[in-house]
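Here are the chains, one letter per residue:
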Amino acid sequence: MARGNLFDLGALRSLASNRGERVDDSAGVRGALSEVGWSALRSRSKRRALDLFQGGLADQDRGPVSRGRERSPGAGRADGVARRTQRERRPSFDRDIAPGGYEWFYLDGVSDDGAWGIVLIAMLGNPFSPAYAKARRAGGPVNPLAYSALNVGVYNRDCGAWALTERTVDAADRTASSLQIGQSSMRWEGDRLVVDVRERAPWTRRPITGRVVFTPDFTTDQRLSLDLAGRHSWWPVAPSGRLEVRLTEPNVSFSARGYHDSNAGDESLSAGFREWTWSRAHVGDRSFITYDVELAACGTRHQRAMSIGRDGLRDEENLVTVPMSRTRWGIPRSARSESGHQPRVVMRLEDTPFYSRDVITTKMGGQTVRAMHETFSGTRLAMKPVEFLLPFRMRRV
């Protein structure tokens, strides 16, 4: 399969503009690049991706880069750190979502002692919803807000809690800085992301309640496209920060170094991807992130490994793909690592017919580190037997 890079939406728009084509930003450049050559796309994408941010960050209008892989100073300050507030460098909860599309806001952390993990995903247009998939197949525009949920996963080797209840979100439930999903909410309070959890587990109806507060070390301000058409994007909003978990049900409290990002798309995940593998780890004051995707349309594989710190973004080209054992459901699994190291699972968090999430050990930045790792199969998600099983893991109210 061909190999390429993740694409910067700004680079895609620039390429289309150079060809005299009009690009609708709200549509994510859609089909404007169907005739753009691979070599030009990869070259421009790589240069622009290095501008992802510096110390929290990037102006679109900047001069040439003067030294190798370093970015040039932005218009705001001589050191290249643009004059932008934290509020300007985070996604809005009330952004328009294409009919049949999705957007989610992801937050995770593993406790400092490694005993506990937590994942929170506020989903507008739940990509895993069988009801949403059925509505798409029926034809006509489908409102993604009618299929929204807060997914909560609390993990420990011996116990944990999990909930995903799908419900409708109204326009009044969303502002630029806050999102209400049922009795749960996610909102920005100054520079802190606060999640109030009021959920119940499926079947047992066991309550999951409490508060999670994430304070970013810094934020970035640019989405990267995950596909050539620009229909799917990813934004590493805050690659690192302090996470404080205080749950009353179950009675769990811990501190962690956390991570926050956002994904959005104008179509279903299965329409865009056959599979992807993602991971993130903290090494010193940098966050290492890998994102390898295989596109559904053509089977092209795009691989990207990077590290992000206050001083900017670096491509980590020494991280190779290492095969790992298959999941319990038989999904092929791999992870990025420096050569000579075999990644391994140290805590299994989710193992489903189409998706796995684990804490693994791998080697990045010259150190053996714990990493959050996921494997997703869009091919599996689209299968009828998998769609039949999904309601056993989620409720709809």
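Above: the structure in question.
Residues numbered from 1 in each chain as written. Predicted model: local features only at pLDDT ≥ 70, side-chain atom pairs only at ≥ 80, totals over all residues. Heavy atoms only, no water.

**As for the overall build of the protein**
Scanning the protein from terminus to terminus reveals six helices and 23 strands. Among the 397 residues that make up the protein, the fraction classed as buried is 60%. When contacts within the protein are restricted to residue pairs at least 6 apart in sequence, long-range pairs at least 24 apart make up 58% of them. Taken as a whole, the protein presents about 16500 Å² of accessible surface, with 48% of it coming from carbon and sulfur. (Helix = DSSP H or I, 4+ residues; strand = E, 2+ residues; numbered from the N terminus. Buried < 20%, exposed > 50% of the residue type's maximum accessible area, 1.4 Å probe, protein only. Contact = heavy atoms within 4.5 Å. Areas by Shrake-Rupley, 256 points an atom, 1.4 Å probe, with all protein chains shown as cover.)

**A closer look at the pattern of salt bridges**
Taken as a whole and assessed by the stated rule, the structure comprises 22 salt bridges. The partner of Arg192 in a salt bridge is Glu189, with the nearest N and O atoms 3.1 Å apart. With a relative accessible area of 32%, Glu189 lands in the partly exposed category. Salt-bridge contacts for Asp196 lead to Arg211; the nearest nitrogen and oxygen are separated by 2.6 Å. One end of the pair, Asp196, is in strand β9 (residues 192-200); the other, Arg211, is in strand β10 (residues 207-216), and 15 residues separate them in sequence. On the basis of relative accessible area, Asp196 is assigned to the buried category, the value being 13%. A relative accessible area of 36% means that Arg211 is categorised as partly exposed. Connected via shared salt-bridge partners are Arg187, Glu189, Arg192, Asp196 and Arg211. (Salt bridge = Lys/Arg side-chain N within 4 Å of Asp/Glu carboxyl O.)

**Some points on the environment of Gly312**
Along the chain, Gly312 turns up in strand β17 (residues 312-315). Judged by relative accessible area, which is 5%, Gly312 ranks as buried.

**Some words on the nonpolar core**
Of all hydrophobic cores here, the largest spans 39 residues; its most connected members are Trp234, Trp276, Trp278 and Phe376. Those residues in contact with Trp276, other than ones at most four positions away along the chain, are Trp104, Asn263, Leu269, Tyr291, Asp292, Val293, Glu374, Thr375 and Phe376. Core analysis: the second largest hydrophobic core is formed by 33 residues, Leu120, Leu124, Leu179 and Met186 among them. (Core = buried A, V, L, I, M, F, W, Y, C linked by side-chain atoms within 4.5 Å.)

**Description of the environment of Thr321**
Examined against the element boundaries, Thr321 turns out to sit in strand β18 (residues 319-324). When its relative accessible area of 38% is taken as the criterion, Thr321 is described as partly exposed. For the pair Thr321 and Ser337, spaced 16 residues apart in sequence, the C-alpha to C-alpha distance is 6.6 Å. Leave out the neighbours within four places in its chain, and Thr321 touches Asp292, Gln303, Ser334, Ala335 and Arg336. A distance of 3.4 Å separates a polar atom in the side chain of Thr321 from a polar atom in the side chain of Gln303. (Polar contact = N/O pair within 3.5 Å; in protein donor to acceptor, adjacent residues only side chain to side chain.)

**Considering the pairing of strand β19 (residues 333-338)**
For β19, a buried count of six out of six residues is recorded, marking the element as mostly surrounded by other parts of the structure. In the sheet, β18 pairs with β19 via six bridges, with the strands oriented antiparallel. Within the sheet, the bridge partner assigned to Val322 lies in β19 and is Ala335. (Pairing = 2+ DSSP bridges.)

**Re a nonpolar patch on the surface**
On the surface, a nonpolar cluster with roughly 620 Å² of combined accessible area is contributed by Trp203, Trp329, Phe388, Leu389 and Phe392. With respect to the helices, strands and loops of the structure, Phe388 is situated in helix α6 (residues 384-389). Exposure remark for Phe388: the relative accessible area of 57% places this residue in the exposed category. (Patch = residues over 30% accessible without salt bridge, like charges linked within 9 Å, V, L, I, M, F, W, Y side chains within 5 Å.)

**A closer look at the packing of aromatic side chains**
For the structure shown, the criterion picks out 16 aromatic pairs. Consider the rings of Tyr106 and Tyr259, whose centres lie 6.2 Å apart with planes at 70°: the pair is edge-to-face. In this pair, Tyr106 is assigned in strand β3 (residues 102-111) and Tyr259 in strand β13 (residues 252-265), connecting sequence segments 153 residues apart. Owing to a relative accessible area of 4%, Tyr106 belongs among the buried residues under this scheme. Plain terms: the ring middles of Trp276 and Tyr291 are 5.5 Å apart, the flat faces sit at 80° to each other, and that makes the pair edge-to-face. (Phe/Tyr/Trp six-rings, centres within 6.5 Å; stacked < 30°, edge-to-face > 60°.)

**Notes on the side chain of Ser184**
By secondary structure assignment, the location of Ser184 is in strand β8 (residues 184-189). Within the structure, the side chain of Ser184 is placed 2.8 Å from the backbone nitrogen of Arg198, a separation counted as a polar contact. Here Glu199 takes part through its side chain, which lies 2.7 Å from a polar atom of the side chain of Ser184. Setting aside its immediate chain neighbours within four residues, Ser184 contacts Leu150, Leu179, Asp196, Val197, Arg198 and Glu199.

**Some thoughts on helix α3 (residues 130-137)**
Among the residues making up α3, those that are buried are Pro130, Tyr132, Ala133 and Ala135. Its buried side turned inward, α3 meets α6. Two or three places before Ala131, at the opening of α3, Ser129 has a side-chain oxygen 3.3 Å from that residue's backbone nitrogen. Positive backbone phi, at 90°, marks Gly139, one or two positions downstream of α3.

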